[in-house]
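# Remarks on the overall topology
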Amino acid sequence: MCANSTQTTLDTWKEVQEFAKKTLPQEIIEFIEQSKKEPHPESKLIKVLQMVQEHFGYLGKTQMDAVAYLMEIPTAKVTGVATFYHYFRLVPRGKNMIRVCLGTACYVKGAERIVEKLKEELGIHLGETTKDSLFSLEGTRCLGCCGLAPVVEINGEVYGQVTPDKVPAILEQFYEKSES
Amino acid sequence: MKDTKTKTKLVNILIDNKKVSVPEGTTVLEAAEKIGINIPTLCYHPNLSLLGACRVCIVEVKGMDAYLTACSAKVWEGMEIKTNSPNIRQARRDIVELILDNHPMDCQTCERNGNCELQNLAYSLGVRERLFEGERKHFPIDARSKSVVRVPEKCILCGRCVRVCAEVQGVYNLSQHGRGFYTQVMPAHGAGMDESVCIQCGQCIMVCPVAALVEKSHTEKVWSALADPKKHVVIQTAPSIRAAIGEGFGMEPGTPATGKMVTALRLLGFDAIFDTNFGADLTIVEEATEFVKRLRKKEKLPLLTSCSPGWINFLEKFYPELIPYASTCKSPMSMTSTLTKTYYAEKKGIEPKDIFVVAVMPCVAKKFEAERDEHKSPDGYPYTDAVLTTRELIWMIKCYGIDLKDLPDTDFDDPLGESSGGADIFGTTGGVMESALRMAYEVLTGNPPEKMEFNEVRAVEGLREAQLNIGSLTLNVAVANGLTNAKTVLNRIINNEKEYHLVEIMACPGGCIGGGGQPYPPKGYHFLDPELLAKRASALYKIDQSKKIRSSNHNPSIQKIYKEYLGTPGGERAHQLLHTHYHPRLPRGIR
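Here the structure is a predicted model, which means the values were calculated and not measured. (Residues numbered from 1 in each chain as written. Chains lettered and ligands numbered in written order. Predicted model: local features only at pLDDT ≥ 70, side-chain atom pairs only at ≥ 80, totals over all residues. Heavy atoms only, no water.)

## So, the confidence of the model for chain A
Summary statistics for chain A give a mean pLDDT of 91 and a share of 95% for residues scoring 70 or more. Here residues 1-8 of chain A scores under 50 on pLDDT; set against residues more than four positions off or in separate chains, the count is 7 contacts. (pLDDT = per-residue confidence, 0-100. Contact = heavy atoms within 4.5 Å.)

And the structure:
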């Protein structure tokens, strides 16, 4: 009753580790192997998870299992760490990252209404990704350009003095881009 | 380990104005305990590592601005401690109130009502009103598992389950996930317990101070079967139940209650009351036969015992390479159930589908075992229909208004009721080994052992290795309880560090008497308390001592069933009915 019935066998520990290696890039495997030669390899867990997220854009179940098997750290510990830090994403990121500033100035200037409009337009909540993987939506702390409040940042580019009415037009550019 | 070369320095301290000298390195909690001062604790457990998360055990120390946690603070020369000042009482009360604030207010309907550590603390610290009530966490119950149910809403994040799972069992299935208000203790990826590396031993249930982890209840199933006139309801009780059930009715731990328990079951309306001991004797006959065969052929050694379902889950998820070494014998429960629905059914002329088999077990992993496909008949019905823990049975008896203490003794029913002393000791660590040795000795030498007691494998605290001379043979045996200890033996086998012939492994500390389905410790004892485990074990050794027949193969009912039904031990029919197989499972645990 192997969970991966397509796999021929995952009976021995060696087979499990070999399988885990196939799911991670060489660079990360080498980093793990190197860290295991040094004292306290478990202290490298966060670094390894950062590398995995950098490579895949998020931490998937398969990758976290592989990290656990290769670093020989209990999987529950790996997922415990991954869910503790806001930095780690457990779902794939959309092609375009929308971050709405929820800092004080933006909030006072109506950031919440922008969030509501974005949620309505995209059909997702904060922290989620659209089904077509085109957009991810996130709230963020002060982006440091309060003079433009309320602001929305998309893929690192700042849109200032946004109103709910302007939201559809902003999103439209990205739909167009993806079609072309 | 204390340094034996340099004499440990004594430190003089003052606790509640009482002078006391304790060795350097002692904690405030230990020092207070020494002079009979009881400091309340919650996340602390004497057998687990220190966490200091709950802050309930705070004390006031002269010259310190902040309160110190007695569980982790070490004493120093001249330390002046107050454990019960008005300030401390107020602070402790506030701490417990804040924990309660994030906890459902459902004590009356809670499974732990009456034996909940949080409830007891709230009472003893004088929490009489809820001053901080506000928003609290809401999480759904996770009842996906066949054995262990998670109720995260009740969890107070003391981390005791996380520690017992990691430190005592070496399973590391539980960990805190998320942060702040949304923190939840759960397996990796939030998977159901059965889909995680959980081995269903239930030690987390035992260590939980509240009802955040409980067993999957089968009591409703059993009540309905009892009320169904078409069902012939058969019950069997495991060896270790008789050693612990009395505790549920205020009897002194270690008091055997076999006869009273049987009477209570009769009053509950069961149609036949069998003894899992019968299955235990049968297990020994089959397992000793299997062992002697492997010994003579010098193959697949060591033989690993297979009675403990928590250990079997561990084998499949952590050490699948060793599956060929495990005995193929079904557990005593599954053997008894199988024979109830075959041998007994035929004898009685009842259709197996009309028989409902209930097993009372000290174990929550047995609930998982009962539902395994390997333990279903060729027609697809399970041989065991319901598994009750000792706790569930105690509750059912109480529900009927029966006080076990007042009952007379009666006997188990035939034909699956008679057992040898070798079966009784199955319930404690080393017991399966001892029973197997009693029979193996006779098979190998032609004579029964001069002394039935194999003290080399008794009272094992964690792990013991022994060398035994049987006839011309020298056998290396090992007994382990608690899976962290088992890991030590298993790694030695895997790395070819040592050659064993026979290895007994029980998942729970102390064996079945310390199982995850046993009663919560009575007042004055704590979970994993060696004293409590020793008392329960002594009940079983007492019963063994008092029996005329001590060796499984001399049980007349066993001899009869082979003659009438099973053929020869290890023969074809016996194999078909009494043996099983195991398979590697994912996710794989880190060992």
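Right, picking up where we left off after that structure.
## Structural notes on the pairing of strand β3 (residues 58-61) of chain B
Residue and element names in this part refer to chain B. Sheet topology places β3 next to strand β4 (residues 68-69); 2 bridges connect them, and they run antiparallel. Each residue of the ladder has a partner; that of Ile58, found in β4, is Thr69. Count of turn residues in the β3/β4 antiparallel hairpin: 6 residues, of which Gly63 carries a positive phi of about 90°. Looking at chain direction, β3 and strand β5 (residues 80-82) are connected through 2 bridges and run antiparallel. By the bridge assignment for β5, Val61 is matched with Ile81. (Pairing = 2+ DSSP bridges. Helix = DSSP H or I, 4+ residues; strand = E, 2+ residues; numbered from the N terminus.)

## Describing the interface of chain A and chain B
Where interface size is quoted, it is often the accessible area lost as the parts come together. Facing 26 residues of chain A, the contacting portion of chain B comprises 21 residues. Carbon and sulfur atoms supply 65% of the area buried between chain A and chain B, which totals about 2,000 Å² over both sides. Here chain A and chain B share 10 residue pairs in polar contact (both at pLDDT 80 or more) between them. Every element with two or more residues in the side of chain A that touches chain B is listed here: α1 (13-22), α4 (61-71) and α5 (75-84) of chain A. If you tally residues by element for the side of chain A that touches chain B, the top one is α5 of chain A, at 7 residues. Of the residues assigned to the side of chain A that touches chain B, the class counts are 14 nonpolar, 7 polar and 5 charged. (Buried area = accessible area lost by both parts, 1.4 Å probe. Polar contact = N/O pair within 3.5 Å; in protein donor to acceptor, adjacent residues only side chain to side chain. Nonpolar A, V, L, I, M, F, W, Y, C, P; charged D, E, K, R; others polar.)

## Considerations on the pattern of salt bridges
Residue and element names in this part refer to chain B. Scanning the model with the defined rule gives 45 salt bridges over all chains in all. Notably, a salt bridge pairs Glu252 with Lys535, separated by 3.0 Å at the nearest N-O pair. Taken together, the residues Glu252 in the loop between β10 (232-237) and α7 (258-268) and Lys535 in helix α16 (residues 530-546) connect sequence positions 283 residues apart. We classify Glu252 as partly exposed; its relative accessible area is 47%. Across the salt bridge formed by Glu369 and Lys366, the nearest N and O atoms sit 3.1 Å from each other. (Salt bridge = Lys/Arg side-chain N within 4 Å of Asp/Glu carboxyl O. Buried < 20%, exposed > 50% of the residue type's maximum accessible area, 1.4 Å probe, protein only.)

## Details of the nonpolar core
Residue and element names in this part refer to chain B. Residues Leu282, Leu339, Ile561, Leu566 and Leu578 are the most contacted members of the largest nonpolar core, which totals 51 residues. In terms of residue count, the dominant contributor to this core is helix α8 (residues 276-297) (9 residues). Apart from the residues lying within four places of it in its own chain, the contact partners of Leu566 are Leu282, Leu339, Ile561, Arg573, Ala574, Leu577 and Leu578. Core analysis: the second largest hydrophobic core is formed by 41 residues, Ala91, Ile156, Cys198 and Tyr520 among them. (Core = buried A, V, L, I, M, F, W, Y, C linked by side-chain atoms within 4.5 Å.)

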